[in-house]
Amino acid sequence: QVQLVESGGDLGQAGGSLRLSCVASRITFSIRAMSWYRQAPGKQREWVATITSGGSTHYADAVKGLFNISGDTGKNTMYLQMNSLTPEDAGIYYCYVGRIMPPNDYWGQGTQVTVSS
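Everything in this summary refers to the structure shown in the same document. (Residues numbered from 1 in each chain as written. Predicted model: local features only at pLDDT ≥ 70, side-chain atom pairs only at ≥ 80, totals over all residues. Heavy atoms only, no water.)

## Focus on the overall build of the protein chain
Counting its regular elements, the protein chain contains zero helices and eleven strands. For the protein chain, the α and β elements follow one another from N to C terminus as β-β-β-β-β-β-β-β-β-β-β. Computed over its C-alpha atoms, the radius of gyration of the protein chain comes to 14 Å, within 12% of the 13 Å expected for a compact globule of 117 residues. When its C-alpha atoms are laid out on the principal axes, the protein chain stretches across 45 × 25 × 20 Å. Counting over 117 residues, the protein chain shows a buried share of 41%. Contacts in the protein chain between residues at least 24 apart in sequence constitute 53% of all its contacts with a sequence separation of at least 6. Here the protein chain holds 9 positive side-chain charges and 8 negative ones, and the gap between their average locations is 8 Å. (Helix = DSSP H or I, 4+ residues; strand = E, 2+ residues; numbered from the N terminus. Rg over C-alpha atoms; globule rule 2.2 N^0.38 Å. Buried < 20%, exposed > 50% of the residue type's maximum accessible area, 1.4 Å probe, protein only. Contact = heavy atoms within 4.5 Å. Lys, Arg positive; Asp, Glu negative; His and termini not counted. Charge placed at Lys NZ, Arg CZ, Asp CG, Glu CD.)

The following block contains the structure:
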């Protein structure tokens, strides 16, 4: 069973930074992309950023220029450097990997980010 484990969630200060990590294990297929999602209390889960196996990175408009995704899908690892934190960045951050064939979605258990103003 594929396992995704996030870490690095913490209480951050507004204007400060946090760095999240995700490690995938028991992977039996080539990962084409890894992504971060987040979910704030009372809101739907939303996409934050993606890194592909080719090294391309993509960001939601809300975090573009503020967050930086990095990692190596070949090593099943991914990071999210979160800068200039605001209370709107608070929530549970999830690591996600999708498999194409057979199609399946894999989620981590999430890591909590809290931002104090």
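## Here we look at the pairing of strand β4 (residues 33–39)
In this structure, β4 lies alongside strand β5 (residues 46–52), joined through six bridges in antiparallel fashion. Paired with Ala 33 across the two strands is Thr 52, which belongs to β5. The turn linking β4 back onto β5 is made up of six residues, and Gly 42 within it adopts a positive phi angle of 75°. The pairing of β4 with strand β9 (residues 91–99) spans six bridges and is classified as antiparallel. Within β9, the residue paired with Gln 39 across the bridge is Ile 92. (Pairing = 2+ DSSP bridges.)

## Concerning the sheet that holds strand β3 (residues 18–25)
With antiparallel pairing, four strands are arranged side by side in an open sheet as β1-β3-β8-β7. Across the chains shown, the open sheet's two edge strands, defined by having one partner strand only, are β1 (3–7) and β7 (67–72). Strand-to-strand twist in this sheet, taken as the mean axis angle between neighbours without regard to direction, amounts to 15°. Judged from the six bridges that link them, β3 and strand β8 (residues 77–82) form a sheet pairing that is antiparallel. Each bridged residue has a counterpart across the sheet, and for Leu 18 the counterpart in β8 is Met 82. (Axes fitted to C-alpha atoms, helices over the stretch in contact; angles between N-to-C directions.)

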